[in-house]
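Fold and contact review
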Amino acid sequence: MELTKRQEKQLNKVFDNPKKLRKWVDDVYADMIVSCEKKTEKRVCEYLDIYSISVAYTLSYVCGLGKKRLPEVMWRIWNNVDCFKSGHLSLDDCIEELEKKRS
């Protein structure tokens, strides 16, 4: 980890007092956690965008959905995602329903 000149000066003061050192370590740790959370959220959003575009492209290319049906199907997909998040729909329910249709 690279330190700024200001941080290097602070370290000299901090090492003289264990309480200050502990607070500094805690602050650095908290900053690292926030940074990692932001990067993770950004990556998840990127992959959701990629997945969404891939699904739309596949439905258009393979299934031939056009201007009228594609937006409706994509809306239904994202509505189902919202239902999963709210707890109105579960993976087990979906798997069970799909198995019924396959038989």
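The structure displayed is predicted, hence computed values, not measured ones. (Residues numbered from 1 in each chain as written. Predicted model: local features only at pLDDT ≥ 70, side-chain atom pairs only at ≥ 80, totals over all residues. Heavy atoms only, no water.)

**What to know about the overall build of the protein chain**
On a plain count of helices and strands, the protein chain comes out with four helices and zero strands. For the protein chain, the α and β elements follow one another from N to C terminus as α-α-α-α. Taking 103 residues into account, the globule formula puts the C-alpha radius of gyration at 13 Å, and the protein chain, at 25 Å, lies well above it. Taken along the three principal axes of its C-alpha coordinates, the protein chain extends 70 × 30 × 20 Å. Relative to its full complement of 103 residues, the protein chain shows a buried share of 11%. Of all intrachain contacts in the protein chain linking residues separated by at least 6 positions in sequence, the fraction that spans at least 24 positions is 10%. (Helix = DSSP H or I, 4+ residues; strand = E, 2+ residues; numbered from the N terminus. Rg over C-alpha atoms; globule rule 2.2 N^0.38 Å. Buried < 20%, exposed > 50% of the residue type's maximum accessible area, 1.4 Å probe, protein only. Contact = heavy atoms within 4.5 Å.)

**Quick look at the nonpolar core**
Among the nonpolar cores identified, the biggest contains six residues, and these are Val55, Ala56, Leu59, Leu65, Leu70 and Met74. Taken together, the elements giving at least two residues each to this core come down to α2 (18-61) and α3 (69-86). Considering each element in turn, this core owes the most residues, three residues, to α2. (Core = buried A, V, L, I, M, F, W, Y, C linked by side-chain atoms within 4.5 Å.)

**Thoughts on a positive patch on the surface**
On the surface, Lys5, Lys9, Lys13 and Lys20 cluster together to form a positively charged patch. Of all the elements, helix α1 (residues 5-14) adds the most residues to the positive patch, at three residues. Of note, lysine 13 is situated in helix α1. (Patch = residues over 30% accessible without salt bridge, like charges linked within 9 Å, V, L, I, M, F, W, Y side chains within 5 Å. Areas by Shrake-Rupley, 256 points an atom, 1.4 Å probe, with all protein chains shown as cover. Salt bridge = Lys/Arg side-chain N within 4 Å of Asp/Glu carboxyl O. Lys, Arg positive; Asp, Glu negative; His and termini not counted. Charge placed at Lys NZ, Arg CZ, Asp CG, Glu CD.)

**Focus: α3**
Over its 18 residues, α3 extends 26 Å from the first C-alpha to the last, a length consistent with the 26 Å expected when each residue adds 1.5 Å. Following α3 by one or two positions, glycine 87 has its phi on the positive side, about 90°. (Expected span 1.5 Å × (residues − 1).)

**Topic: a nonpolar patch on the surface**
Taken together, the side chains of Val44, Leu48, Ile77 and Trp78 present a nonpolar region at the surface, about 310 Å² in accessible area. Broken down by secondary-structure element, the contributors of at least two residues to the nonpolar patch are α2 and α3. Relative to the helices and strands, isoleucine 77 is located in helix α3. What makes isoleucine 77 partly exposed here is its relative accessible area of 30%.

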